[in-house]
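Structural description and commentary
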Amino acid sequence: MAEEAILGYLENHEEISDSGEFAAERGIDHAEIVNVIKSLHGFRFVDTQDIKRETWVLTEEGKKYAAEGSPEVQLFLAVPAEGSISKDELQKKLDSGIFKIGCSQAGKNKWVEMGKHISRKVQHVEDKVKDLLLRIQDAKAIDKDDINSLKARKLIVLQTWKGYSVRKGPNYAPKRKKPATDLTRENLQRGDWKELEFKEYNFSAKGPPPECGHLHPLNKVKDRLKDIFRQLNFEEMPTNRYVESSFWNFDALFQPQQHPARDSHDTFFLQVPSTTRQLPEDYVEQVKEVHESGVMDQEGLVCDRGLTLSHLIGILEDFFSRLGMSKLRFKPAYNPYTEPSMEIFRPEMLRPMGFPEDVSVIAWGLSLERPTMILYGIDNIRDLFGHKVDLTLMKRNPLCLIGIR
């Protein structure tokens, strides 16, 4: 209805000078007129010019007084024409807010005599406040002093009204045809496709975001670490051994029976099967490789037996250089970047395996969380994993890591 009214009016007139007056004359909501004008302007059916007017409107309190009367007049009418009324009894007749404001304003206007008992000083009063509020409600002008008085009582506020003046645009037509979005079989059969106006294709429009999973930063960094170790000629050991006997986990490492790691709150024990007596025949040969855990006792990460500490430091420095982290320090020195962990195996573990007495075996490893935090600029480890992690962290992070070229 609003679109037909605007386009139809412009067919025979040069301009709609004021959208507000145009809407009021036709009984159409101005907000609907504005929405249609914006739509027509977007397709260049019309050209527009902004109109701004500042008007005073009633607050909720002002609307209440315009309907029921000002508090001072309500209080005045509650006081008997002859005699007086006690303050407590008068307060019961009125709302607490009306009574408080009414006493102040009626006393200021010298309409009533205030005290323990309240009586009238005059017999007739005019509700000027209500009259002024009604004039503002009807969009009529009032004096500046009256405006300031109502504004001070927070009965009116200044509101900016926005509208448009409207003229024909370069694509004006008395009726807007809705552009087609698809060429259908029916269009081809009827032959009306020749007269159709198709909506322009928006090549900049974004499609719906794909619903898919995202790699966690820890997984990304873990894969990167594994790639670097492979480049340094290390071999990855199997990691699918989820259940292991206590022999490989503890006994093969000469861990004492009273060690806290053997307690039930640190280790899960199976009921079925509860024990095992099967040991591989080539146990001694397998454990001669490298030892760090139950899995590594059996499989191992193969490297040169002649590896010295200085060689290991060189390997680690090369490793962190490839990772994009140039500085490296060892325990116990404080390291703000990462802390390689090193352990030397006990001689009583190595001797039964046939190692000479002058041979020592070092187990070493790296943390995963700290390099990940550094590479992704994460300060708190709780932001990396746990129940408080922000899931958008996985979606925001790119496939390539920060600091890696």
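Residues numbered from 1 in each chain as written. Predicted model: local features only at pLDDT ≥ 70, side-chain atom pairs only at ≥ 80, totals over all residues. Heavy atoms only, no water.

Per an unreviewed UniProt entry, the recorded name for the protein is Phenylalanyl-tRNA synthetase domain-containing protein, and the organism is Hevea brasiliensis.

**Describing helix α7 (residues 96–108)**
Our working rule: Numbering of helices and strands runs from the N terminus; a helix is a DSSP stretch of H or I covering at least four residues, while a strand is a stretch of E covering at least two. The span expected for a helix works out to 1.5 Å for each residue beyond the first. A 1.4 Å probe rolled over the protein chains alone gives each residue an accessible area, and that area as a share of the maximum for its type sets the label: buried under 20%, exposed over 50%, partly exposed in between. The criterion used for residue contact is that any of the two residues' heavy atoms lie within 4.5 Å.
Between its terminal C-alpha atoms α7 stretches 18 Å, which fits the 18 Å expected from 13 residues at 1.5 Å a residue. Taken residue by residue, α7 has Ile98, Phe99, Gly102, Cys103, Gln105 and Ala106 as its buried positions. Buried residues along α7 sit against α4 (60–68), α5 (71–78), α6 (87–93) and β4 (112–113). Once α7 finishes, Lys110 follows within two positions and takes phi at roughly 60 degrees, a positive value.

**Structural notes on the side chain of Arg262**
When you line up the elements, Arg262 lands in the loop between α12 (246–249) and α13 (283–287). When neighbours within four sequence positions are excluded, Arg262 is seen to be in contact with Phe250, Asp251, Gln255, Pro256, Gln257, Thr267 and Phe269.

**Concerning the pattern of salt bridges**
This is how the line gets drawn: Salt bridge, as used here, is a side-chain nitrogen of Lys or Arg placed within 4 Å of a carboxyl oxygen of Asp or Glu.
A full pass over the atoms with the stated rule returns 13 salt bridges. For the salt bridge of Arg153 with Glu72, the shortest nitrogen-to-oxygen distance reads 3.0 Å. Taken as a pair, Arg153 in the loop between α9 (144–152) and β6 (156–168) and Glu72 in helix α5 lie far apart in primary sequence, 81 residues in all. For Asp146, the salt bridge goes to Lys128, with nearest N and O atoms at 3.6 Å. Taken together, the positions of Asp146 in helix α9 and Lys128 in helix α8 (residues 128–137) put the pair 18 residues apart, joining distant regions of the chain.

**Thoughts on the sheet that holds β4**
Threshold: Here, a strand pair is defined by DSSP locating no fewer than two bridges between the strands.
Taken in spatial order, the three strands of this open sheet run β3-β5-β4, and their pairing is antiparallel. Only two strands of the sheet have a single partner each, and these edge strands are β3 (84–86) and β4. Here β4 pairs with strand β5 (residues 117–120) via two bridges, running antiparallel. Counted as the bridge partner of Glu113 is Ser119 from β5.

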